[in-house]
Each structure stands twice: as C-alpha cells, then as structure tokens.
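Here is what each chain is made of, one letter per residue.
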Amino acid sequence: MTTPGRLAFLLPHMTGGGAERVALRLIEDFVAYGHPVDLLLMTQWGELLPLLPPAVRIIDLHAPRVRDVIRPLARYLRTERPEGLQAFMWPLTVAAVVAHRLARSNVRLVLSDHTTLSKQYGHLGRARRALLRESIRFAYPRADARVAVSAQAADDLAAVGGLARDGITVIYNPVDRPSAEVRDSAAAQAAAAAWGNATARIITVGGLKAAKNQPLLIEAFAILRRSRPARLVILGEGELRGKLEALVAARGLTGDVVLPGFFTDPWPFYDTAQVFALSSDYEGYGNVLIEAMRAGLSIASTDCPSGPREILDGGTFGRLVPCDDPAALALALAEMLDHPAHPAIMRARAEALSGQDTSDRYLELMTA
C-alpha cells in the first residue's frame with residue numbers, strides 16, 4: 001500500500017475567517033486520511049490554532065509582508081518536497097507561484113480564492129487594480145489548479161484576471177457540524193445569556209467590518225421591532241464594533257441587539273436561534289449560510305455577489321432581498337419567523353452543497 005504523501009497549506013494566519021475555517025476542515029480531513037500535513041503561516045497566530053490536529057506541523061515563515069514569503073517558501077519546497085501545496089487568498093497565491101518557480105518545484109500547486117475579488121479590492125486605486133489584474137494574469141495559469149468557492153466568484157476571477165473560465169474549478173466550501181461532545185460550555189453559557197427570555201431569535205455571524213454591512217441588518221431589525229418583540233445577536237468582532245453599538249443605541253435597540261463578541265465555537269448560538277440573517281454587500285461563498293442550514297435555521301439574505309443565490313437556489317431555501325434595502329430585509333425576517341423552513345430540508349441542502357465530497361475534490365486536485 002502506498003503511503004499517503006505530505007500535503008501543505010499556505011495562509012497568512014489562522015484567525016476565525018471563512019478561508020481559515022475551510023483550511024482547518026481540509027487539514028482535519030486529510031490528517032484523518034493518513035496524510036502528513038504542514039501548515040505554513042506568514043505569522044503563527046490566530047484563534048483557530050488550538051483546534052488543529054496535534055499531528056499537524058506548523059511552520060512560521062516569519063514573513064511580515066507577502067513578498068517576504070517567497071524565499072522561505074521556496075526553501076521549504078526544495079527541502080521538504082510535499083506532494084501538494086494549496087495557497088489561499090490573493091496576493092499570497094501569487095507569492096506561492098513565484099516561490100514554486102524559484103524552487104523549480106514539481107509540487108502540485110493549487111490556488112484558492114475565497115472572495116469576489118472585484119468587490120474585495122474594488123476600492124483600490126487604478127495602479128493597485130492593475131497589479132491585481134496583471135499578477136493574476138501572470139501567476140494563475142502557472143499553477144496546476146485554480147479554485148473558486150462559487151460559480152459567481154469563478155466568473156469574477158476569470159474576468160478580473162483575463163483567465164479562461166473553464167480553467168477554474170468551483171468547489172463549495174466544506175462545512176461540518178461538530179458533535180455535541182465538543183461544544184464549548186463557555187459559548188453555551190454566553191448564548192443563553194445573549195438570548196435571555198427572547199422568543200423571536202435572529203442571529204448573524206461574521207466579522208464586524210464594512211463588507212458584512214451589519215448596519216443594514218440593524219436598520220431592518222429596527223423596522224421589525226416596531227411590530228413585534230424580537231432579539232438580534234450579532235456574533236463576531238471587528239473594527240466597527242463602536243459604530244454598531246452607537247447605531248443600536250441611536251435606534252433605541254439597547255437590550256434587543258446583543259454583540260457578544262467572537263467565539264471559536266459558534267454552534268451554541270446557532271442551536272438556540274430561529275432565523276439567520278446575512279446582510280453582506282458581497283461574499284465569496286458564505287460559509288455562515290451553510291452553518292445556519294446545518295443548524296436547521298430559516299434564512300433571510302441579501303442577494304449579494306457571490307454565493308447566497310447559489311446556496312439558497314434562487315430563493316428556494318430562504319429569502320433573497322436586494323442589498324441596501326432595510327425594509328425588504330425586515331419583511332423577509334418577519335416571513336421567516338412566521339413561516340419557518342423545515343429543519344430537515346435545510347440540513348439536507350447543507351450536506352448536498354458542502355458535505356464530505358468537497359474535501360475529496362480538494363484532495364484530488366492536490367494529489368492528481
């Protein structure tokens with residue numbers, strides 16, 4: 001029997017973002033399959049580090065800037081020669097291609113982007129947008145595979161970089177539901193405290209940053225609260241906390257909107273909610289929608305690029321509303337509270353989109 005080959009992952013760090021959680025899931029699965037796994041980080045920090053399997057070798061590249069990754073990564077590829085390397089997120093993907101060529105490596109190189117690049121970097125100046133376009137045009141065809149996490153994100157990547165669309169593989173993110181035995185008791189206590197005695201429970205999960213547009217959700221919730229009692233939990237942390245807290249106070253929602261912070265284990269919050277709301281201006285895929293589905297929640301989401309329309313099948317598995325329309329989002333939240341989705345149907349949809357076969361598809365690309 002052939003011994004499974006060593007596989008490597010390259011990320012900036014292991015904070016609680018969507019790409020990092022995807023990497024964690026893939027690493028867990030590949031270790032379970034018997035592969036030795038190396039995790040190469042620009043800087044060794046992040047809330048998800050303690051969740052890595054003990055067998056994983058963590059390599060700190062001590063690279064404060066993306067360009068500082070190239071030489072230590074090339075040295076790693078020459079000396080360790082893993083079977084496959086997956087690099088996450090532009091511009092780290094470009095650095096991986098340069099290091100791969102510098103090392104004259106035969107390692108299979110997979111590039112993985114987890115956002116809609118034109119939206120993520122659309123605010124950049126003309127020179128930076130040109131760098132985005134030309135670096136992708138140069139680097140991505142030189143990798144063995146390119147992965148986007150939704151069809152819309154793949155279309156966007158092809159358009160931004162002038163790539164052939166059929167050269168981009170779409171793989172929905174693997175999202176699992178942990179067993180009850182590994183639940184975080186502190187998170188469970190925090191969830192109980194956050195909900196209190198509320199009977200109508202709405203949750204959103206994500207970093208407190210502009211792309212997630214939590215102000216839209218707060219405005220929609222303010223409209224909803226005019227006609228019924230409800231509570232909104234905004235789970236996550238970020239630079240916009242102060243702005244969101246000020247908006248909550250200005251709308252007279254103190255006590256009805258709760259911001260408990262970031263939790264490595266969000267599942268106790270999912271398990272005790274009824275409706276999940278996504279108010280983003282853009283996503284790459286929307287892992288949190290799949291997590292909500294796995295918890296059997298009803299969903300109201302902005303119809304943002306990219307992911308929600310694919311995940312919800314055009315509105316079959318939840319309500320889709322225009323971006324920046326608080327009245328429409330408020331109406332969708334009310335509809336989901338009054339006419340909840342069947343939990344078993346939502347869980348089956350989550351499994352169909354992001355079950356075990358998604359990890360297997362990534363493994364095929366890294367070991368083909």
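Our structure is the block above this text.
Treat the numbers as computed from the prediction; the structure is a model and nothing was measured.

About the thresholds
Sequence order sets the numbering: in each chain, residues are counted from 1 along the sequence as written. Totals for whole chains, interfaces and linings use every residue, but because this is a predicted model, local features are given only for residues with pLDDT of at least 70 and side-chain atom pairs only at 80 or more, for both listing and counting. In computing side-chain values, all of the structure's heavy atoms are included and hydrogens and water are not. Burial classes: relative accessible area under 20% of the type maximum marks a residue as buried, over 50% as exposed, and values in between as partly exposed (1.4 Å probe, protein chains only). The numbering of helices and of strands both runs from the N terminus, where a helix is a DSSP run of H or I of at least 4 residues and a strand a run of E of at least 2. Whether two residues are in contact is decided by their heavy atoms: any pair within 4.5 Å suffices. Aromatic rings from Phe, Tyr and Trp, with only the six-membered ring used for Trp, were paired whenever their centres fell within 6.5 Å, and each pair was classed as stacked if the ring planes differed by under 30 degrees, edge-to-face if by over 60, and tilted otherwise. Just to be clear on terms, a salt bridge is a Lys or Arg side-chain nitrogen sitting within 4 Å of an Asp or Glu carboxyl oxygen. As used here, the term nonpolar core means buried Ala, Val, Leu, Ile, Met, Phe, Trp, Tyr and Cys residues forming a set that is joined through side-chain atoms within 4.5 Å. Note: two strands are recorded as paired if DSSP finds a minimum of 2 bridges between them. The axes used here are C-alpha line fits, helices contributing only the stretch in contact, and every angle between their N-to-C directions lies in the interval 0 to 180 degrees. To sort the angles, those under 35 degrees are grouped as roughly parallel, those over 145 as roughly antiparallel, those from 65 to 115 as roughly perpendicular, and the leftovers as oblique. Put simply, a crossing is left-handed when the front helix is turned counterclockwise from the back one by less than a right angle, and right-handed when it is turned clockwise.

(A) Summary view of helix H2 (residues 70-80). Within the span of H2, buried status applies to Ile 70, Pro 72, Leu 73, Ala 74, Tyr 76 and Leu 77. Looking at the buried side of H2, the elements it contacts are strand E1 (7-11), strand E2 (37-41), strand E3 (57-60), strand E4 (84-88) and helix H3 (92-102). Of the residues trailing H2, Arg 81 is marked for its positive phi of about 50 degrees.

(B) Focus on the packing of aromatic side chains. On inspection of all chains with the given rule, the structure shows eight aromatic pairs. Considering the side-chain rings of Phe 263 and Phe 269, the 5.1 Å spacing of their centres and the 50 degrees angle between planes classify their relative orientation as tilted.

(C) Region of the structure containing the pattern of salt bridges. The tally for this structure, following the rule as stated, stands at 18 salt bridges. The closest approach of N and O atoms between Arg 6 and Asp 38, which form a salt bridge, is 2.8 Å. Linking Arg 6 in the segment before E1 with Asp 38 in strand E2, this pair joins segments that are 32 residues apart in sequence. Among the residues examined, Asp 38 registers a relative accessible area of 0% and is labelled buried. Where Arg 319 meets Glu 335, a salt bridge forms, and the shortest distance between an N and an O atom there is 2.8 Å. With Arg 319 in strand E13 (residues 319-321) and Glu 335 in helix H13 (residues 326-338), the pair connects residues that are 16 residues apart, well separated along the chain. The partly exposed category is assigned to Arg 319, whose relative accessible area is 32%. Since its relative accessible area comes to 27%, Glu 335 is described here as partly exposed.

(D) Summary view of the nonpolar core. Ranked by size, the top nonpolar core spans 60 residues in total, and within it Phe 9, Phe 269 and Phe 276 carry the most contacts. In terms of residue count, helix H1 (residues 18-32) provides more of this core than any other element does, seven residues in total. With near-sequence residues (within four places) excluded, Phe 269 lies in contact with Ala 187, Ala 190, Ala 191, Ala 194, Trp 195, Ile 203, Val 233, Leu 235, Pro 260 and Phe 263. In terms of nonpolar packing, the next biggest core, distinct from the first, is built from 41 residues, Val 107, Tyr 121, Tyr 140 and Ala 153 among them.

(E) Focus on the sheet that holds strand E12 (residues 298-302). An order of E10-E9-E8-E11-E12-E13 is seen for the six strands of this open sheet, with the pairing classed as parallel. Each end of this open sheet is capped by a strand with a single partner; those strands are strand E10 (257-261) and E13. Mean inter-strand twist for the sheet, computed between neighbouring axes without regard to direction, equals 20 degrees. Relative to E12, strand E11 (residues 275-278) is paired through four bridges, and the arrangement is parallel. Bridging from a neighbouring strand, Leu 278 pairs with Ser 301 of E12. This element, helix H8 (residues 214-225), spans strand E8 (201-205), strand E9 (231-235), E10, E11 and E12 of the sheet and lies at about 170 degrees to E9.

(F) Spotlight on the environment of Leu 289. When you line up the elements, Leu 289 lands in helix H11 (residues 287-294). Spatially, the C-alpha atoms of Leu 289 and Ile 299 are 7.6 Å apart, while their sequence positions differ by ten residues. In this view, Leu 289 contacts Phe 276, Leu 278, Ile 299, Ser 301, Pro 308 and Ile 311; residues no more than four positions away in its chain are not counted.

(G) Molecular detail of the sheet that holds E4. A sheet is described by the order of its strands in space; here seven strands give the open sequence E3-E2-E1-E4-E5-E6-E7, paired in parallel fashion. Of all the strands in the sheet, the pair left with one neighbour each is E3 and strand E7 (169-170). As judged from the five bridges shared by E1 and E2, these two strands associate in the parallel manner. Its bridge partner lying in E2, Leu 7 is registered against Val 37.

(H) Here's a closer look at the packing of H8 against H13. Viewed as axis vectors pointing N to C, H8 and H13 meet at an angle of 60 degrees, and their least axial separation amounts to 8 Å. By the angle class used here, H8 and H13 are oblique. The crossing of H8 and H13 is right-handed. Contacts from Leu 216, Leu 217, Glu 219, Ala 220, Ile 223 and Leu 224 in H8 reach Pro 326, Ala 327, Leu 329, Ala 330, Leu 333, Ala 334 and Leu 337 in H13.

(I) Spatial organisation of the environment of Pro 268. Note on placement: Pro 268 falls in helix H10 (residues 267-271). Pro 268 gets classed as buried once you look at its relative accessible area, which sits at 9%.

None of this, on its own, says anything about what the molecule does.
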